[in-house]
Every structure is written in C-alpha cells, then in structure tokens.
Amino acid sequence: IRDCFDQCSASLWKRLSLTVGGTVAISLGLLTSVYVATLHENDLWFSNIKEVEREISFRTECGLYYSYYKEMLQAASIQQGLHGLIYDNKTESLRTINILERMNVYQEVFLSILYRILPIQKYLEPVYFYIYTLFGLQALYVIALYVTSWLLSGTWLSGLLAAFWYITNRIDTTRVEFTIPLRENWALPFFAVQIAAITYLFRSHLQPLHEKLTLLAVFISTFLFSLTWQFNQFMMLMQALVLFILDCLDMLPTTKVTWLYIIQLTGILLVCVLQFFNSMILGSLLISFNVSVLLARTVQKNMKMGCLLNRLGKLFFHVLMVLCLTLLVNNFIKKILNLESDEHIFKFLKAKFGFGATRDFDANLYLCEEAFGLLPFNTFARLSDTLLFYAYLFVLLLMAIAAAVVAFQNLSGSANVQSTDKMEISTIVLKPGAAYNLMHTILFGCLALSTMRMKYLWTSHMCVFASFGLCSTEVWGFVLKSVRLYTPQRLCVIRYLVPIIILLYLSCKFCPGIVDELSELREFYDPDTVELMNWIKSNTPKKAVIAGSMQLLAGVKLCTGRILTNHPHYEDKSLRERTKQVYQVYAKRSPEDVYSILRSFGTNYVILEDSICYERRHSRGCRLRDLLDIANGHVMDGLGENEPDLKASLYPRFCEEIKKNLSSYSMYFTRAFQNKTFHVYKLAKHK
C-alpha cells in the first residue's frame, strides 16, 4: 500500500510540475512578445505615424522583404501576386528575375495569403498583422529556449532562469524590435525549436512513437528554418560539424545522428525545390559534407573498434576522407552548375582570417562593416552584469572537463569499465543531449566571436546552457564530490538555491529598468527621407528606374514602387557587379563614364547621399569611396599611406563635382530634387 501511495504521489507531483512549468513557459513567452511589441511602439509611436514613415522604419533589406508582402496584398488576386514575384521586373531594371528563387520570401507570401483569407481586414491593418506575427514568434523562441533548458536539467526552474536571462540581456540576444522583417527574426525561433527537439531526441529509452514524433518535429523545424533564412546552409553546416565531432568521439547514438544528417539533407533539398532549384543551395557545403559523411561511413564500418592508437588512426583517416570527399563533391557540383554566387563569402573569409589582403570590392565591403567584425569586448561586460557570462564560463569549464574525460574513455575502450569515481561522475554529467548542447555552444561561440552579426545564435543558447548547468544535479554533484562535501540534501539545496538567488538578483536589479524602458516614449523622425519618398512618388513616372545605394533603394521600392537598379540582397554575382558599377557615382570617374554606366542599366534618376559622399562613420580605408578608389586603382583621399601601385585619378570625385553645376556634368545630369541629405539628378535621354 505504501509503495502504491508513493507511486501515486510521484505521478501527481510530476503532472503538477508539468502543468506549472508549462504555464510559466507560455506566460513568459507571451510576456516577451508583448514586451518587444511595446518597445517597438514606444520607440517609433508606430500607431500614430503616417504609412510612408512606417515603411521607412523598415530600414535597408527589411524594407525590401516587406515590399513583397505589400505587393502580394496589392495584387488583384493571389495568382497574379505569385506571377508578379516569379516574373519580377521591378527589383532589377532591364531584368526579369524570380524572387521566390532568389530570396527567402515564402513567409511574406504565406502571411499575405493568410491575411486575405482571414476575416480580419476590418480590424487589423496589414502592417500590424505582419509585425504581430514576428513578435508572436518571439514567444515561440522563448518557450523553445525554456523547454531546452528544462529538458537538460530536469527542472522548469532552469527554463525560468533561461527566459529571465534572455529578457535582461535583450540588447545581445535579439534585435527584433527594430529590424522586424530581417530573415533571422523569422528563422531563429524555428532553430530554437529544432534544438529543443534534438535535445529530447537524444534522451535514452524513448518509446518508438515518441521518437518518430520527435524526428517529425526536428524535420518540420529544420525545414522552416531553412525556408526563412538565406544563411541556413552555413548554420546547419555548423550543426552538422557538431554531430560529426561527437559521433566520431562516440558521444551520440549513431543511428540518431544518421537520421539527423538525412533530415538536414531532405529539408534543404525540399527548400531547393521550392526555390526553383536555387543553384546556391545545390552548391552548398552542407549538402557536400552530409553526403560525404554518409559515404565515408559505408566505407569505414568498424571505425569505433580497437585500442586507443588504432581508434585514433581510424579517426584521422575518417576525418581526412570526409574532408577530401566534401571538397571533391562540392567542386564537382559547382563546376557542373557554373556556380559563383557564394564566391564573395569565401573571399571575405580568406581576407578576414589573414590569408592575404584583397582589393576585391565585395569582400572589403563586408570586412569594413562592424556587423561582420569581431565581437566587441563590451558585449562581455553587459553579459557579466547579469551574471550570465560568469555562470556560462563556470558551466562550460566543468562540462569541457567532463567531455575530455568521456572522449578519452570512449576512444580507449574503457567507457564500460567502472574504475574511478571521477569517470563515473563524468559519464553521468555528459549525457548525449548535454554533449550536443556543449559542442553546439562551443562552435557557435567561435562563430559569434569571429563575426558579431552571428552573436544572436550564441547568446540565446548561452542563456540555455548556463541555466541548465546551474540547475543540474550532475554538475553540482561533480563539484560537491570533487571537494568531498557531497550529500543528497546539499545537492538538492544548492541546485535550487543558486538559481533562485540569481532570479531574485535579476528581478531586483533589472525590473525597475525594464519598467522605465516601457514608459519611455519616442517618435519616428526622418523628415528628409519622408520628403524624398513623397517627391519620388509625386514627380517621377511609375516606370522610372532609380539608382542609388542599395540600403536606400530598398526603401524606395517599398514606399514608391519604382524600378531599382540594385538592392541589398547580395547573394548574386551579377547583382554584386551591378552594385559596384552603380556605386561609381561615389568614385573618381568622369561624367561621361558615370552616365554611360547608369544608362546601361536603364537609369532615369540617380540619388546621391551626402552621408556616403562625405562619410565619416568609417575610418580611412573603409569608407565606401575608399573601397571604390582601391578597386579602381586610385589613391585614397586624406592623410595616410597608399599602396605603391595606386595612382592618382584623372578626374575629381563625381558626387562632389556634380554639385558645382559645371557644363560637363549638366549636359548629362539635371538636378531634380535636393534637401539636406539627398540630391536627385535626372539623366538626359541621350548624350
């Protein structure tokens, strides 16, 4: 009777814990969604500004993506809207391109169709339906982080701590409130769901039905992640490397790893089909790597048998085989498809990691952007202020030690030998799910340290990993046994006391600031850009072709619907070359050359920006005009050194000289509009 009572009590407690933990997870997700939505409203007074101001607030490529949502809604029917995207002749002048092939905009298509068919038009404006969907995905994001931490630690208290850390470190964990349509804001919630599903998949003794449902969840989240972000292939390549490393060290069940490789391949190939067989996807390193791993496995079937030296030799040969096969397969695919769309990425990586300087304009454009530089040190100061970074380093160190011990055990064939207490402890600490998340945080941490824009992949997972460690019985058991203070009671107390103290600290220190932040009201203010957009809309033909910086032209397309010469979606070689040519308006070129270049793209108007022509944001050598000078073989402006083979240009800088209204310029260009920021010139119809 007593045993029966204990079982009933345990079952009741488990259900109560699941109910409370699940309710807390959903509540925190919804609160986060409301929080970022309120910040967005308060920062721009979004509900009270004009439509053109709302659209201008979607800066750079955000405006480009949102414009396709707007186009789909303005089309007479869904069929006509899709036809307009598949045969688009407004995004790049004198060209018809397939937007669904080139860009990841299926989410805009889906939302526009959903808005059409739902009876909400009378109650909700299209722009609010769009932004509320993105803010709603933030709720999914936080819930996924919460669940991952809960799965790893066994207590929902760690999920609560992970969510608190995500919110209090908002500056470093998300930027959704001011870059709403950015592709990563669509993709990262699905990536977090995928990590949660993988963590659950690596649990031992899963029932067959649960395993199949989990694999389905992994597939759906992988597919949605791949469909919504053009950088999906690089992120999943990192994930495939995590699986490969841990599988080689025998830390993960091989069958489940194989399923994950297949799911990655299937997901990205399905996206490739939906994107009309996008060649950049087919030529991705992810496909080549996964195919190579699966092929190498069929050759080396007994890789995980033998003594330590034998295993190390087999492992070295296996890694070498996979790398060689990956390069061979990838080069073979690229030669067949004549693929050059991603060459700028490899040029950038080559220059970034010191494998030779480059004068390539595209590579230098990335190198000079702060977002693609190293992670700033002040990031760690902010993360330390919430105690996140300290907790993360503590857990990472312990888990890394455990991983090293387990790796040695597995390679030496002593994993099943119960010898020392230390080995037993480390084996318990490093369960497959924990091993996966450890290697995941290490590789994505390296990515974030090298490229600041990718920090959001790391910092959100940092919240999960640190909170899991502080609530883990294995981690605290390892610490207490190491200092010979272990008792089950002490373990239970410290496991719950430490996260509760941190939660109280975060609540006391940051809640007042969050309340003040929510009460701080600002308003959108960019009169020069508003004036420019209104002028273009009122004073240029609907089929006018406009040239300018790619960041500004995304807004021009959204606000005015005019035809562009170039745009910010940079994953196409011909577009990159076109952008470089259009940017000659900021170089030292003759008016005849600039006119000829612009007319070759069918340009009717060109917009010059003082912020680019007289740029001060970047240092010498990284200003846009400097990058153009170097690419053109000209010496740069200002004091400082120049490479010896650079020569002085025969012509002054075009964007400066055109403002003097000299006859040599006015015969080609007529000023049509100007304000404090922008100068618009109309091109003569003939020379």
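Residues numbered from 1 in each chain as written. Predicted model: local features only at pLDDT ≥ 70, side-chain atom pairs only at ≥ 80, totals over all residues. Heavy atoms only, no water.

**Q** What is the right way to read helix α12 (residues 232–248) from this model?
**A** Owing to its 3.6 residues per turn, the α-helix brings residues three or four apart onto one side. Taking 1.5 Å of rise per residue, 17 residues should cover 24 Å, and α12 covers 24 Å from first to last C-alpha, within 8% of that figure. With 14 of 17 residues buried, α12 lies mostly within the body of the structure. (Helix = DSSP H or I, 4+ residues; strand = E, 2+ residues; numbered from the N terminus. Expected span 1.5 Å × (residues − 1). Buried < 20%, exposed > 50% of the residue type's maximum accessible area, 1.4 Å probe, protein only.)

**Q** Hey, could you run me through the side chain of Glu609 in this one?
**A** As for its placement among the helices and strands, Glu609 is situated in strand β3 (residues 605–609). Despite its burial, Glu609 pairs with no opposite charge, the nearest such side chain being Arg59 at 8.8 Å. Setting aside its immediate chain neighbours within four residues, Glu609 contacts Ser549, Leu552, Tyr586, Thr677 and Phe678. (Lys, Arg positive; Asp, Glu negative; His and termini not counted. Salt bridge = Lys/Arg side-chain N within 4 Å of Asp/Glu carboxyl O. Contact = heavy atoms within 4.5 Å.)

**Q** Is there a simple way to think about the packing of aromatic side chains in this case?
**A** For any pair of aromatic rings, the description rests on two quantities: the centre-to-centre distance and the angle between the ring planes. If you walk through the whole model with that rule in mind, you get 35 aromatic pairs. Between Tyr141 and Tyr166 the ring centres are 5.4 Å apart and the planes differ by 70°, which places this aromatic pair in the edge-to-face class. With Tyr141 in helix α7 (residues 126–153) and Tyr166 in helix α8 (residues 156–168), this residue pair connects regions lying 25 residues apart in the sequence. By the burial criterion, Tyr141 is buried, and Tyr166 matches it. By way of ring pairs, the aromatic residues Phe46, Phe58, Tyr66, Tyr69, Tyr128, Tyr130, Tyr132 and Trp186 are connected into one cluster. In this arrangement the basic side chain of Arg54 is found over the ring face of Phe46, its NZ or CZ atom lying 5.3 Å from the centre. Its guanidinium or amino end placed over the ring of Tyr65, Arg183 lies 3.9 Å from that ring's centre, counting from NZ or CZ. (Phe/Tyr/Trp six-rings, centres within 6.5 Å; stacked < 30°, edge-to-face > 60°. Lys NZ or Arg CZ within 6 Å of the ring centre and 35° of its normal.)

**Q** Looking at this structure, I do not really get the pairing of strand β5 (residues 678–683). What am I missing?
**A** The buried fraction of β5 amounts to 5 of the 6 residues, a majority that puts the element mostly inside the structure. Examined bridge by bridge, β3 and β5 share 5 bridges and lie antiparallel to one another. Of the residues in β5, the one forming a bridge with Leu608 is His679. The pairing of strand β4 (residues 669–674) with β5 spans 5 bridges and is antiparallel. Looking at β5, one finds that Phe673 is bridged to Val680. Where β4 folds back onto β5 in an antiparallel hairpin, the turn is made up of 3 residues. (Pairing = 2+ DSSP bridges.)

**Q** Even after reading the chapter, I still don't get the sheet that holds β3, so can you show me in this structure?
**A** Sheet strands pair via backbone hydrogen bonds, and the direction of the pair is either parallel or antiparallel. Read across the open sheet, the 5 strands follow the order β2-β1-β3-β5-β4; overall the sheet is mixed. A single partner strand is all that each edge strand has here, and the edge strands are β2 (563–564) and β4. With 2 bridges connecting them, strand β1 (residues 545–547) and β3 associate as parallel partners. What sits directly across from Ala547, in β3, is Val606. Set on the sheet, helix α26 (residues 527–539) makes contact with β1, β3, β4 and β5; between it and β5 the angle comes to about 20°. (Axes fitted to C-alpha atoms, helices over the stretch in contact; angles between N-to-C directions.)

**Q** Explanation requested: the state of the cysteines in the structure shown.
**A** When the sulfur atoms of two cysteines share a covalent bond, that bond is a disulfide. Tallied over the full model, the rule gives 2 disulfides. Across a sulfur-sulfur distance of 2.1 Å, Cys368 and Cys622 are joined as a disulfide pair. Sign of the S-S torsion, about -75° for the bond between Cys368 and Cys622, identifies this disulfide as left-handed. One end of the pair, Cys368, is in the loop between α18 (361–367) and α19 (378–385); the other, Cys622, is in the loop between α30 (610–613) and α31 (624–632), with 254 residues separating them in the sequence. Relative accessible area serves as the criterion here: at 12%, Cys368 is assigned to the buried category. By relative accessible area, Cys622 is classed as partly exposed at 21%. For the chain, numbering the cysteines in disulfides from first to last along the sequence yields the connectivity 1-3, 2-4. Cysteine Cys492 remains unbridged, with the sulfur of Cys471 as its closest cysteine sulfur at 12 Å. (Disulfide = S-S within 2.5 Å.)

**Q** Teacher, can you tell me more about the pattern of salt bridges here?
**A** Oppositely charged side chains may form a pair once their charged atoms are brought near each other. Taken as a whole, this structure holds 30 salt bridges when the rule is applied. Glu177 serves as the salt-bridge partner of Arg170, at 2.5 Å between the closest nitrogen and oxygen. When its relative accessible area of 11% is taken as the criterion, Arg170 is described as buried. A residue is classified by how much of its surface remains accessible, and Glu177, at 11% relative accessible area, is buried. Each of Lys588, Arg625, Asp629, Asp637 and Arg653 takes part in salt bridges that share partners, so that together they form one network.

**Q** Would you mind going over the pairing of β3 with me for this structure?
**A** Working note: regular strand, side chains alternate between the two faces of the sheet. The element β3 is largely enclosed, with a buried count of 5 among its 5 residues. Because side chains alternate across β3, one face comprises the buried residues Tyr605, Ile607 and Glu609, and the other comprises Val606 and Leu608, equally buried.

**Q** What's the story with unusual backbone geometry in this structure? I'm lost.
**A** With the exception of glycine, most residues fall at negative phi, and the peptide bonds are largely trans. One non-glycine residue, Thr60, adopts positive backbone phi at about 45°. For Thr60, the position within the fold is in the loop between α2 (51–56) and α3 (61–74). By relative accessible area, which is 33% here, Thr60 ends up partly exposed. Although it is not a glycine, Asn661 adopts a positive phi angle of roughly 55°.

**Q** What is the right way to look at the packing of helix α15 (residues 285–299) against helix α16 (residues 308–337) in this model?
**A** The relative placement of two packed helices is expressed as an angle between their axes plus a distance between the axes. Across the interface, α15 lies against α16 with an axial gap of 8 Å and an inter-helix angle of 135°. With respect to α16, the axis of α15 lies oblique. Considering how the two elements wind past one another, α15 and α16 form a crossing that is right-handed. From α15, Leu285, Ser288, Phe289, Ser292, Val293, Leu295, Ala296, Arg297 and Val299 reach across to α16, where they touch His318, Met321, Val322, Leu325, Thr326, Val329, Asn330 and Ile333. When its residues are assigned to classes, the contact of α15 with α16 shows 11 nonpolar, 5 polar and 1 charged. (Parallel < 35°, antiparallel > 145°, perpendicular 65-115°, else oblique. Left-handed = near helix turned anticlockwise from the far one by under 90°. Nonpolar A, V, L, I, M, F, W, Y, C, P; charged D, E, K, R; others polar.)

**Q** Where do I start with the confidence of the model for the chain in this structure?
**A** Low-pLDDT stretches of the model should not have their predicted coordinates read in fine detail. Averaged over every residue, the pLDDT of the chain is 91; residues scoring 70 or more account for 95%. For residues 415–428, every residue scores under 50 in pLDDT, and the model assigns this stretch 15 contacts once sequence neighbours within four places are set aside. (pLDDT = per-residue confidence, 0-100.)

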